[in-house]
Each structure stands twice: as structure tokens, then as C-alpha cells.
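The residues making up each chain are set out below.
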Amino acid sequence: MAAVVGKWELASCDSNFEKYMQAVGVSDENIKLALAGLTVASKVSHDISVDGKVWTIVVTSPAGEKVDKYTEGQAVDTKTLDGRPVSVVYTVEGDTLVETQKGDGFESRNVRSTSGDELTMTFTANGSVSCSRIYKKIS
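Residues numbered from 1 in each chain as written. Predicted model: local features only at pLDDT ≥ 70, side-chain atom pairs only at ≥ 80, totals over all residues. Heavy atoms only, no water.

## So, the overall build of the protein
Okay, so step 1: Looking only at helices and strands, the protein features two helices and ten strands.
Okay, so step 2: Listing every helix and strand of the protein by position from the N terminus yields β-α-α-β-β-β-β-β-β-β-β-β.
Okay, so step 3: Here the protein has a C-alpha radius of gyration of 14 Å; the compact-globule value for 139 residues is 14 Å, and the two agree.
Okay, so step 4: Based on the C-alpha atoms only, the size of the protein along its principal axes is roughly 40 × 30 × 25 Å.
Okay, so step 5: Contacts in the protein between residues far apart in sequence, at least 24 positions, make up 39% of those at least 6 positions apart. (Helix = DSSP H or I, 4+ residues; strand = E, 2+ residues; numbered from the N terminus. Rg over C-alpha atoms; globule rule 2.2 N^0.38 Å. Contact = heavy atoms within 4.5 Å.)

## Remarks on unusual backbone geometry
Okay, so step 1: Although it is not a glycine, K43 sits at a positive phi angle of roughly 60°.
Okay, so step 2: Topologically, K43 is positioned in the loop between helix 2 (28-37) and strand 2 (45-51).
Okay, so step 3: In this structure K43 comes out as exposed when scored by relative accessible area, which is 52%.
Okay, so step 4: Even without glycine at this site, N126 takes up a positive phi of about 55°.
Okay, so step 5: Mapped onto the secondary structure, N126 falls in the loop between strand 9 (118-125) and strand 10 (129-137). (Buried < 20%, exposed > 50% of the residue type's maximum accessible area, 1.4 Å probe, protein only.)

## Notes on the side chain of N110
Okay, so step 1: Relative to the elements of secondary structure, N110 occurs in strand 8 (residues 106-115).
Okay, so step 2: Residue class for N110 comes out buried when judged on its relative accessible area of 1%.
Okay, so step 3: Only 2.6 Å separates the side chain of N110 from the side chain of S108, close enough to count as a polar contact.
Okay, so step 4: Setting aside residues no more than four positions away along its own chain, N110 makes contact with Y20, L97, V98, E99, Q101, M121, T122, F123 and T124. (Polar contact = N/O pair within 3.5 Å; in protein donor to acceptor, adjacent residues only side chain to side chain.)

## A few points about the environment of E107
Okay, so step 1: Mapped onto the elements of the fold, E107 is located in strand 8.
Okay, so step 2: Residue E107 is classed as partly exposed on the basis of its relative accessible area of 38%.
Okay, so step 3: In this structure, E107 is in contact with T100, Q101, K102, T124, A125 and N126, ignoring residues within four places of it in sequence.

## Points about the nonpolar core
Burial of nonpolar side chains together is a common tendency in soluble globular proteins.
Okay, so step 1: One finds Y20, M21, I48 and L119 to be the most contacted residues of the largest nonpolar core, which totals 28 residues.
Okay, so step 2: Secondary structure elements with two or more residues in this core: strand 1 (6-13), helix 1 (17-23), helix 2, strand 3 (54-61), strand 6 (85-93), strand 9 and strand 10.
Okay, so step 3: Take this core: its biggest share by element is four residues, from strand 9.
Okay, so step 4: Ignoring any residue separated from it by four or fewer positions in sequence, one finds Y20 in contact with S108, N110, F123, T124, A125, V129 and C131. (Core = buried A, V, L, I, M, F, W, Y, C linked by side-chain atoms within 4.5 Å.)

## Structural notes on the side chain of D68
Okay, so step 1: For D68, the position within the fold is in strand 4 (residues 64-71).
Okay, so step 2: Overall, the relative accessible area of 15% leaves D68 in the buried class.
Okay, so step 3: Only 3.5 Å separates the side chain of D68 from the side chain of T78, close enough to count as a polar contact.

## Quick look at the layout of surface pockets
Okay, so step 1: Computed from the structure, the largest pocket encloses a volume of approximately 880 Å³.
Okay, so step 2: Lining the largest pocket are 40 residues; nearest its centre among them are L38, V59, T80, L81 and D82.
Okay, so step 3: Per element, the largest residue contribution to the lining of the largest pocket is five residues, and it comes from strand 4.
Okay, so step 4: Across the lining of the largest pocket, the residue classes break down as 22 nonpolar, nine polar and nine charged. (1 Å grid on protein atoms, 1.4 Å probe; cavity = no way out; pocket = protein on both sides within 12 Å on 5 of 7 lines; lining within 4 Å. Points joined across faces, edges and corners; volume = space filled by probe spheres on them. Nonpolar A, V, L, I, M, F, W, Y, C, P; charged D, E, K, R; others polar.)

Pasting the structure below:
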């Protein structure tokens, strides 16, 4: 699973990002902020590292930095980027890093997979609404 380790910068996002955010309960105000701030131009990055079964993911955006540490397979109570409580479990499934989030009224399965210097993060809310964000490896 070492393929996902590294620093990745957002390169593209499909048009379903707004629908995905609606499906997981992001407020209209926070959707507007996300559509303005979580863009390719804002140089959003994910710095992913692993030590044994402990994953660290640092998300950097214009709003600041969010650092999360997870032990594979163990639920952790944390908050979404917009501050809502959520329970998160990370697992490795083959060549993918899978993040399952459960919050008030939603469940999201976020799958990170790689191909060369490209990381695809596919978000699926409540088993139905999906979007993909593509990242390029920068280190």
C-alpha cells in the first residue's frame, strides 16, 4: 500500500462534487465555501504517510491544515472539514486505501487508488452519489 504514500496536489475534480457534498449533509453556505476554496487553483494537497498500521493524512487548503492519524481497522471519532462529528475507519483493500465515514444521516466510502504519479480519490455517499478528485504526486 506504499503507492498512496507521498504528497499529492489536486489536479482535477468532476462535476459531481457539489452533489456529493449535498448528499453528506454539507450546508449550502459551506458548499459555496468548498467550491471556492477546495479547487485546483487553491493547491489543495494531501500528505499521506504510514508507520506500520498507523496512517497520517495531512490535508492542506486555504482554510488551513487538518492532521488526522488513524490505526488501520479502528474507528476514530473526529470531525469533517466543515466541523461535523464523524466516525472514521481506514482499511486497506488490495491496492486501495479505503476511508469509511459515518455521520448524522450519511455514510461515505472514500477510496484512494493510484496509477503512476496519479491518485484518484472516489467519494461515494450513501451508496449512490459519487464524485472523483484526481491528485498528482508532488513528492
